[in-house]
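# Remarks on the overall topology
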Amino acid sequence: MIEEPYRWVEAIANRREYIEHQLAGGSPIAALSYKDGILLFTLGRERQKLFEIYDRIGMGAIGHPGDIERLRMTAIEITSTEGFARSAHDVSLRRLANYSLSPALKTAFEQVYGAPYLTRMLFAELGSGTTPNSFLRLDYDGSIHTNGGAFGRGVEEFGVISGTAASTAKMEQFLQKQPLPATTLDKALDIALDAWSIGHLTLTSEQSEELPAEDVISKHRTEQLAAASIEAAVLSDAGGRAITWRALPDAEIRAKLEKR
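Quick caveat: nothing in here was measured; it's all calculated off a predicted structure. (Residues numbered from 1 in each chain as written. Predicted model: local features only at pLDDT ≥ 70, side-chain atom pairs only at ≥ 80, totals over all residues. Heavy atoms only, no water.)

## Comments concerning the packing of helix α5 (residues 185-201) against helix α7 (residues 250-258)
The packing of two helices is summarised by the inter-axis angle and the distance between the axes. With their axes 10 Å apart at the nearest point, α5 and α7 run at an angle of 70 degrees to one another. One element, α5, and the other, α7, form an angle in the roughly perpendicular class. Seen from α5, the contacting residues are Asp186, Leu189, Asp190 and Leu193; seen from α7, they are Ile253, Lys256 and Leu257. (Axes fitted to C-alpha atoms, helices over the stretch in contact; angles between N-to-C directions. Helix = DSSP H or I, 4+ residues; strand = E, 2+ residues; numbered from the N terminus. Parallel < 35°, antiparallel > 145°, perpendicular 65-115°, else oblique. Contact = heavy atoms within 4.5 Å.)

Okay, structure coming up:
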């Protein structure tokens, strides 16, 4: 009996190592504020990674498609039920993450005789009035990373996820130096593609304090644009639109990004 807690700790460590290995090749996702709302952006070759959840909330995810779909449907059901039972104004990203998704992920991760969720998720919520945009990263073990605004921490106008912690940190390091919110959607797209390129470049590279050189980023983004599809969407209520979510077709934005 004395050994049981240690066996559990070892099992959790092995489980974490396994999941991190499974997620290591995940294509990065960047979300950032621009003048009229929020841009969500990634490049891919196979399956959809960006989704509308509810009204002013969007989601990006990497990992196992089945787990992503289960959590996406759970998020839609929770927000829709709360919006119907109370009101759309009562639905918030923090409530969805803190009281519903995070506990479910934590429970699945710590029950070592069951299957954990093989996924990492990024949520974005469009602000309203004086309320700023919110970005929230939710990991497979239920841990939450927000874009600040509490306990004296300044608000960051972006959120990212990637396959590795080092890659995520490099994307954040780059975006912290950018003028956000971006003045236009075109500028936001350009920044997001650079952030994605940095994340993709550093997925397998050794840890370094310096960001990749500009010429290396430019070359990589050109190569990847030619080989992959662009997946992008915006959350925006500019012009008084009732529906805030809009997917941006590859053909609509590719030419702009290839001009650089």
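There's plenty left to go through after this.
## Details of the nonpolar core
Membership of the largest hydrophobic core comes to 31 residues, with the highest contact counts inside it found for Leu39, Phe41 and Leu175. Of all the secondary-structure elements, those providing two or more residues to this core are β1 (29-34), β2 (37-44), β8 (158-161), α4 (165-175), α5, α6 (214-227), β9 (229-236) and α7. At nine residues, the largest contribution of residues to this core is made by α5. Counting 21 residues, the second largest nonpolar core, distinct from the first, contains Ala61, Tyr117, Met121 and Leu136. (Core = buried A, V, L, I, M, F, W, Y, C linked by side-chain atoms within 4.5 Å. Buried < 20%, exposed > 50% of the residue type's maximum accessible area, 1.4 Å probe, protein only.)

## A word on the pairing of strand β4 (residues 57-63)
Counting buried residues along β4, seven of its seven residues qualify, which places the element largely inside the surrounding structure. By the alternation rule, side chains of β4 split into Ile57, Met59, Ala61 and Gly63 and Gly58, Gly60 and Ile62, which are all buried. Across four bridges, the pairing between strand β3 (residues 50-54) and β4 is antiparallel. The residue bridging Tyr54 from the neighbouring strand is Ile57, located in β4. (Pairing = 2+ DSSP bridges.)

## Considerations on the packing of aromatic side chains
In total, this model carries one aromatic pair according to the counting rule given. Seen from their ring centres, Phe109 and Tyr140 are 5.6 Å apart, and the 55 degrees between their planes marks the pair as tilted. Here Phe109, found in helix α3 (residues 93-110), pairs with Tyr140, found in the loop between β6 (134-138) and β7 (144-146); they are 31 residues apart in sequence, far enough to count as distant. Take Phe109 and Tyr140: they sit in the same class, and that class is buried. (Phe/Tyr/Trp six-rings, centres within 6.5 Å; stacked < 30°, edge-to-face > 60°.)

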